[in-house]
Amino acid sequence: MRVDPRRMRERMVDEQIVARGITDARVISVMRELPRHLFVEEAMAKQAYKDNPLPIGEGQTISQPYIVALMTELLQVEPGMKVLEIGTGSGYQAAVLAKLGADVHTVERIPKLCESARDRLRAMGLFNVHVKLDDGTLGWPSIAPFDRILVTAGGPEVPPPLVDQLAEGGRLVLPVGPTHRLQSLLLIEKKGGQVQRREVCGVQFVDLVGAHGW
Ligand code: SAH
């Protein structure tokens with residue numbers, strides 16, 4: 001890449017993330033450091049810091065930087081927490097969570113994406129990310145409960161296994177909507193055995209496909 005990725009990343013964070021109200025210093029610092037251009041095809045590297053999602057093959061996309069920042073901020077991840085992500089895709093969001101010190105478990109249903117994300121994360125030395133090929137709407141029962149769960153694809157309902165696998169005091173962030181490619185971003189919290197649900201904003205994600213998806 002001819003342009004300096006560090007400068008592009010600084011601009012991305014200043015203009016797309018800080019200017020739009022993200023304040024979590026740890027999220028901001030991780031996104032300033034993490035080389036997002038290494039999570040897309042080389043031919044696409046120059047566009048990696050733009051204000052939009054990008055294709056990663058197999059009809060899937062890496063989320064827009066602001067959405068990654070927003071979802072990560074909502075999740076309030078602390079070092080050592082057990083985190084589940086559904087929809088590994090490129091592995092970028094998983095890497096952000098790993099850099100925050102979480103023990104990350106991420107599930108992807110498309111074999112090619114699963115493999116390339118696993119290789120990429122390993123090559124970056126992010127050994128605190130575990131990638132599994134499966135239907136993530138079923139969660140990851142053998143590792144549950146999780147302190148935090150993040151879903152980066154949009155389905156028609158909140159998958160019940162994910163609520164079941166959320167620890168007490170846990171937070172679940174996911175897009176849910178009645179139609180394809182248009183959802184509400186939800187924050188679900190488990191407190192005192194009760195499940196509270198809040199709508200954050202409108203979002204557009206690729207389909208969550210599976211037993212509790214489309
Ligand atoms: N978090 C990703 C972006 C994900 S795009 C990143 O940072 O790059 C959404 C991903 O969810 C796609 O890769 C898609 O294949 C995957 N997906 C959709 N339904 C799924 C399911 N039921 N289980 C696991 N992955 C799923």
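Not measured: the values here are computed from a predicted model. (Residues numbered from 1 in each chain as written. Predicted model: local features only at pLDDT ≥ 70, side-chain atom pairs only at ≥ 80, totals over all residues. Heavy atoms only, no water.)

Help me understand the site of the ligand in this model?
Around the ligand, 27 residues are found, and the nearest of them are Gly87, Ser90, Glu108, Gly136 and Val209. Side-chain polar atom of aspartate 135 to a nitrogen atom of the ligand: 2.9 Å apart, as the coordinates give it. Contact with the protein chains removes 99% of the 580 Å² of surface that the ligand exposes when unbound. Listed by contribution, the elements that provide at least two residues to the shell around the ligand are β2 (60–62), β3 (82–86), α4 (92–99) and β4 (103–108). Residue contributions to the shell around the ligand peak at three residues, all from β2. The residue inventory of the shell around the ligand, partitioned by class, reads ten nonpolar, eleven polar and six charged. (Near = heavy atom within 4 Å. Polar contact = N/O pair within 3.5 Å; in protein donor to acceptor, adjacent residues only side chain to side chain. Areas by Shrake-Rupley, 256 points an atom, 1.4 Å probe, with all protein chains shown as cover. Helix = DSSP H or I, 4+ residues; strand = E, 2+ residues; numbered from the N terminus. Nonpolar A, V, L, I, M, F, W, Y, C, P; charged D, E, K, R; others polar.)

Can you walk me through the packing of helix α3 (residues 65–75) against α4 in this structure?
Two quantities define a packed helix pair, namely the angle between the helix axes and the distance between the axes. Packing of α3 against α4 brings their axes to within 11 Å, and their N-to-C directions diverge by 40 degrees. Comparing their axes, α4 and α3 come out oblique. In this structure, α3 crosses over α4, and the sense of that crossing is right-handed. Contacts between α3 and α4 involve Val68, Thr72 and Leu75 from the former and Tyr92, Gln93, Val96 and Leu97 from the latter. Considered class by class, the residues forming the contact of α3 with α4 number five nonpolar, two polar and no charged. (Axes fitted to C-alpha atoms, helices over the stretch in contact; angles between N-to-C directions. Parallel < 35°, antiparallel > 145°, perpendicular 65-115°, else oblique. Left-handed = near helix turned anticlockwise from the far one by under 90°. Contact = heavy atoms within 4.5 Å.)

Looking at this model, I keep getting lost on the pairing of strand β1 (residues 54–57). Mind explaining?
Residues in a regular strand project their side chains so that they alternate between the two faces of the sheet. As paired elements, β1 and β2 share three bridges and run antiparallel to each other. Paired with proline 55 across the bridge in β2 is threonine 61. Counted along the chain from β1 to the antiparallel partner β2, the turn is two residues long, and its residue glutamate 58 has a positive phi close to 60 degrees. (Pairing = 2+ DSSP bridges.)

What should I look at first to understand the pattern of salt bridges in this one?
Side-chain pairing between opposite charges can occur once the charged atoms of the two side chains come close. Taken as a whole and judged by the stated rule, the model has nine salt bridges. The partner of lysine 132 in a salt bridge is aspartate 134, with the nearest N and O atoms 3.2 Å apart. Lysine 132 gets classed as partly exposed once you look at its relative accessible area, which sits at 21%. For aspartate 134, a relative accessible area of 33% puts it in the partly exposed group. Across the pair lysine 191 and glutamate 189 runs a salt bridge whose closest N-O atoms are separated by 3.8 Å. Taking the relative accessible area as the measure of exposure, lysine 191 reaches 42% and is therefore partly exposed. (Salt bridge = Lys/Arg side-chain N within 4 Å of Asp/Glu carboxyl O. Buried < 20%, exposed > 50% of the residue type's maximum accessible area, 1.4 Å probe, protein only.)

Is there a simple way to explain the sheet that holds strand β5 (residues 129–133) in this structure?
Working definition: the strands of a sheet are paired by backbone hydrogen bonds and lie parallel or antiparallel to each other. Strand order in the open sheet formed by seven strands is β5-β4-β3-β6-β7-β8-β9, with mixed pairing between adjacent strands. Edge positions in the open sheet fall to β5 and β9 (194–203), since each of these has one partner strand only. Recorded for the sheet is a direction-independent mean angle of 20 degrees between the axes of neighbouring strands. Pairing of β3 with strand β6 (residues 146–151), which is carried by four bridges, proceeds in the parallel orientation.

Would you mind showing me how to read helix α2 (residues 25–33) here?
Think of an α-helix as turning once every 3.6 residues; residues three or four places apart then point the same way. Regarding α2, the residues found buried are Val27, Ile28, Val30 and Met31. Buried residues in α2, looked at end-on, bunch into an arc of 165 degrees, giving them a common side. Sitting at the amino-terminal end of α2 is aspartate 24, which places a side-chain oxygen 2.9 Å from the backbone nitrogen of arginine 26. (Arc of directions from axis to C-beta.)

What should I look at first to understand the environment of leucine 100 in this one?
Turning to its location among the elements, leucine 100 is positioned in the loop between α4 and β4. On the basis of relative accessible area, leucine 100 is assigned to the buried category, the value being 5%. Sequence separation between leucine 100 and glycine 80 is 20 residues; the distance between their C-alpha atoms is 8.9 Å. In this structure leucine 100 touches Arg26, Val27, Val30, Thr72, Val77, Glu78 and Pro79, once residues within four positions along its chain are discounted.

All we've got here are geometric facts, nothing functional implied.
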